Amino acid sequence: MALSYSVGLAKVLHVAEEQRRLRGDSRELVPLHSAVGGIAAENVVSPRSIPEHDTSAMDGYAIRSQATAKASPDTPVVFKVQGTIAAGDDPREALGQQPTNPDTDAVEIMTGAIFPDGYDACVKLETAVLVGGGPGEQGRHILVTKPVEPHANRRFAASDMLEGDIVIRQGDTVRPSHILPLASLGLDSIPLVRKPRVGVWSTGKEMRNGHGATRDANGPYLTAALREIGAQADFLGVLDDDPTSLHDRVREAAESRKFDLLLTSGAVSKGKFDHVRHVLDQIGAEIIFHGLAIRPGHPVLFALIPGNEGRRTAFFGLPGNPGAAAACFRFLTVPYLRALQGQEAEQPILARLLQRPTSPDTDNNARRSCHPMPETDCFRHGILPATPTGQMIVEPSREQSPAKLGPFTTANCWVHFRPGAGAEEVVECYPLDPSTSFFT
Ligand SMILES: Nc1nc2c(c(=O)[nH]1)N[C@H]1C(S)=C(S)[C@@H](COP(=O)(O)OP(=O)(O)OC[C@H]3O[C@@H](n4cnc5c(N)ncnc54)[C@H](O)[C@@H]3O)O[C@H]1N2
Ligand code: MOO
């Protein structure tokens, strides 16, 4: 009896935690413009409160609001304009030595500029009536024709973020939207978890000699998907069905210390040319599991390969059928890499299954693939549309063969059917691509 998915996953996470400890402090400071997609190595807290000063929210005139309490079109309040403060100016320098009187003077102030002492509000340029002025703009006055609210158009210091606020949490993936607050706080780099280095091979001579026109789908897919989730992935080539070259390449890679994880796809099942298990046994690998009670992907293998100085490299032997390789990658390899980098487990979105009438063959296929399977976890791709009412209803792809890839052009999610879960159940859905979200 094969191990259950939950036991297999627990073993994967256990190894990931162990390897994480062995990696030690593997962080690097990365400039903000290159940080998107990386994983925060620690909570980043705001080193200061922002804005650091009270500033104007509008281009206009700084005044003292109290002085306008009785302003009306018939009895406008007149202020003499004394100097100009632009964003980036020190108000004291901009206004010079000459003291101003907030009861009778206004100061021209630009958006983002620091308020001068004694002035509490800003009258927008469009609201004030400018009179006078001329060459050198001496003698300018403004008329204010209605009372100005206290603190109008004033942004208060520390009203945005406070010193000590958490800007990004340890384990969060950096998104472009994190960069705005991080940069505003004056941070130019961020500590990220060093990217896990992953080596990927495809196996099977059918992809090398061209007979039968099987093209390598798994190699490009796995390499690209790994890069998308922040790993440093190297595609190491397509190996043919020769156990000696498989042996040498895997051993060499494990001893090179270049990789945190190695992946193969294909050659893990029962066929005459399925050499992965045998080769790992020869190398002296610890087989954590070979086979899980999952569909697709039941021949999947997970092992630790010995290297130099007692160091061991984790290894996934993913099944060859591309749909099975993709499911095992999504539900085993991605959780492994998340845990290795200190990220929490992904939380699924719960959705109801779309019930469809079943008559043509394709419907029967679809129905069968979502039929409850006792003691087996099933992973099916499908579409979870954004409905106008916000209801979560998922439609599994009609075609679920792990050898057929057409549905990957339209699917946007994986559906996880727990053992025995039936068509009436609420099911767990995950974005098809782990770097995406249903809501962005
Ligand atoms: N007697 C049994 N036969 C099979 C079993 C079984 O339990 N008993 N399991 C089946 C299942 S399930 C799967 S999945 C496959 C997986 O087998 P392997 O991992 O050994 O994969 P291969 O035999 O090497 O290839 C299977 C299939 O996938 C194609 N393939 C492989 N790699 C790629 C690639 N990189 N890109 C595109 N296509 C790929 C390959 O050409 C084969 O058609 O075994 C079943 N058999
Ligand atoms: O893993 Mo296989 O059929 O379940 O493709």
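Predicted model only: the values in this text are computed from it and were never measured.

S.K.: Just to check I follow, could you spell out the overall build of the protein chain for this structure?
M.R.: Assigned secondary structure in the protein chain consists of nine helices and 24 strands. Taken over the C-alpha trace, the protein chain has a radius of gyration of 32 Å; the compact-globule value for 440 residues is 22 Å, which it surpasses by more than 25%. Across the 440 residues that make up the protein chain, the buried fraction comes to 37%. Summarising the internal contacts of the protein chain: among those between residues at least 6 apart in sequence, 74% fall at separations of at least 24.

S.K.: Even after reading the chapter, I still don't get the site of ligand 1, so can you show me in this structure?
M.R.: As a structural note, the neighbourhood of ligand 1 is formed by 25 residues, with Asn-218, Gly-266, Ser-269, Pro-319 and Gly-320 the closest of them. Secondary structure elements with two or more residues in the shell around ligand 1: helix 5 (218–228) and helix 8 (322–340). Of the residues in the shell around ligand 1, the class split is nine nonpolar, twelve polar and four charged.

S.K.: What am I meant to see in the domain arrangement of the protein chain here?
M.R.: Often, the extent of an interface is quoted as the loss of accessible area upon association of its parts. We note that the domain assignment places domain 1 (5–26 + 196–340), domain 2 (55–155) and domain 3 (349–431) within the protein chain. Each of domain 1 and domain 2 was reduced to a C-alpha centroid, and the two centroids are 68 Å apart.

S.K.: I keep staring at the site of ligand 2 and nothing clicks. Help me out?
M.R.: By nearness alone, every residue bordering ligand 2 is listed as Arg-295, Pro-296, Gly-297, His-298, Pro-319, Asn-321, Ala-324 and Pro-402. Partitioned by chemical class, the residues of the shell around ligand 2 number four nonpolar, three polar and one charged.

S.K.: Whenever I open this one, the confidence of the model for the protein chain confuses me. Can you help?
M.R.: The predicted coordinates ought not to be read in detail in places where the model reports low pLDDT. Summary statistics for the protein chain give a mean pLDDT of 91 and a share of 94% for residues scoring 70 or more. Predicted complex metrics record ipTM = 0.97 and pTM = 0.87.

S.K.: How should unusual backbone geometry be read in this particular structure?
M.R.: Leave glycine aside and you will find that most residues have negative phi; peptide bonds, for their part, are mostly trans. With an omega dihedral of -10°, the bond running from Ile-50 to Pro-51 counts as a cis peptide bond. Considering the arrangement of structural elements, one finds Pro-51 in the loop between strand 2 (44–45) and strand 3 (55–56). Positive phi, normally seen in glycine, also occurs at Arg-257, with a value near 65°. The topology assignment puts Arg-257 in the loop between helix 6 (243–256) and strand 15 (261–265).

S.K.: Whenever I open this one, the nonpolar core confuses me. Can you help?
M.R.: Soluble globular proteins tend to pack their nonpolar side chains together in the buried interior. With 71 residues, the main nonpolar core has Cys-328 and Cys-429 as its most contacted residues. If you tally residues by element for this core, the top one is helix 8, at 13 residues. The residues contacting Cys-328, other than those within four sequence positions of it, are Gly-297, Val-300, Leu-318, Pro-319 and Thr-333. Membership of the second largest hydrophobic core comes to 22 residues, among which are Val-81, Phe-115, Tyr-119 and Val-144.

S.K.: Please explain helix 1 (residues 5–23) as it appears in this structure.
M.R.: Owing to its 3.6 residues per turn, the α-helix aligns residues three or four sequence positions apart on the same side. Taking 1.5 Å of rise per residue, 19 residues should cover 27 Å, and helix 1 covers 26 Å from first to last C-alpha, within 8% of that figure. Buried residues of helix 1: Tyr-5, Gly-8, Leu-9, Val-12, Val-15, Ala-16 and Gln-19, and no others. Buried residues in helix 1, looked at end-on, bunch into an arc of 125°, giving them a common side. Exposed residues on helix 1 whose side chains face more than 90 degrees from its buried face are Ala-10, His-14 and Arg-21. Contact partners of the buried residues in helix 1: strand 16 (286–290), strand 17 (294–295), strand 18 (301–306), strand 19 (312–318), helix 8 and strand 21 (377–383). Just beyond helix 1, the residue with positive phi is Gly-24, at close to 65°.

S.K.: Just to check I follow, could you spell out the sheet that holds strand 15 for this structure?
M.R.: Adjacent strands of a sheet form backbone hydrogen bonds with each other and so pair up, either parallel or antiparallel. If you walk across this open sheet you meet the six strands as 14-13-15-19-18-16, and the pairing is mixed. For this open sheet the edge positions go to strand 14 (232–239) and strand 16, each flanked by a neighbour on one side alone. Taken over all neighbouring pairs, the strand axes of this sheet differ in orientation by 20° on average, direction set aside. Sheet topology places strand 16 next to strand 18; four bridges connect them, and they run antiparallel. Its bridge partner being in strand 18, His-290 is matched across the sheet by Leu-301. Along the sheet, helix 8 makes contact with strand 15 and strand 19, crossing strand 19 at roughly 155°.

S.K.: Is there a simple way to explain the sheet that holds strand 8 (residues 129–132) in this structure?
M.R.: Read across the open sheet, the six strands follow the order 7-4-6-5-9-8; overall the sheet is mixed. The open sheet has two edge strands, strand 7 (121–124) and strand 8, and neither has a second partner. Neighbour to neighbour, the strand axes of the sheet diverge by 40° on average, direction disregarded.

S.K.: I keep staring at the packing of helix 5 against helix 8 and nothing clicks. Help me out?
M.R.: Between two packed helices, the angle of one axis relative to the other and the distance separating the axes together describe the packing. Between helix 5 and helix 8, whose axes approach to 10 Å, the crossing angle comes to 20°. Here helix 5 is positioned roughly parallel relative to helix 8, judged by the angle of their axes. The two elements helix 5 and helix 8 cross, and the hand of that crossing is right-handed. Listed contacts from helix 8 to Asn-218, Tyr-221, Leu-222 and Ala-225 of helix 5 are Pro-322, Ala-325, Ala-326 and Phe-329.

S.K.: Which parts of the structure should I look at to understand the environment of Pro-150?
M.R.: Relative to the helices and strands, Pro-150 resides in the loop between strand 9 (140–144) and strand 10 (154–155). On the neighbour-count criterion, Pro-150 (12 C-beta atoms within 10 Å) is exposed. Taking C-alpha positions, Pro-150 is 7.2 Å from Gln-66, a pair spaced 84 residues apart along the chain. Each residue touching Pro-150, except ones within four places of it in the same chain, is listed here: Ser-65, Asp-120 and Ala-121.

Cut-offs and rules
- Residues numbered from 1 in each chain as written.
- Chains lettered and ligands numbered in written order.
- Predicted model: local features only at pLDDT ≥ 70, side-chain atom pairs only at ≥ 80, totals over all residues.
- Helix = DSSP H or I, 4+ residues; strand = E, 2+ residues; numbered from the N terminus.
- Rg over C-alpha atoms; globule rule 2.2 N^0.38 Å.
- Buried ≥ 20, exposed ≤ 12 C-beta atoms within 10 Å, placed from the backbone.
- Contact = placed C-beta atoms within 7 Å.
- Near = placed C-beta within 6 Å.
- Nonpolar A, V, L, I, M, F, W, Y, C, P; charged D, E, K, R; others polar.
- Domains from an automatic or database assignment.
- pLDDT = per-residue confidence, 0-100.
- Core = buried A, V, L, I, M, F, W, Y, C linked by C-beta atoms within 7 Å.
- Expected span 1.5 Å × (residues − 1).
- Arc of directions from axis to C-beta.
- Pairing = 2+ DSSP bridges.
- Axes fitted to C-alpha atoms, helices over the stretch in contact; angles between N-to-C directions.
- Parallel < 35°, antiparallel > 145°, perpendicular 65-115°, else oblique.
- Left-handed = near helix turned anticlockwise from the far one by under 90°.

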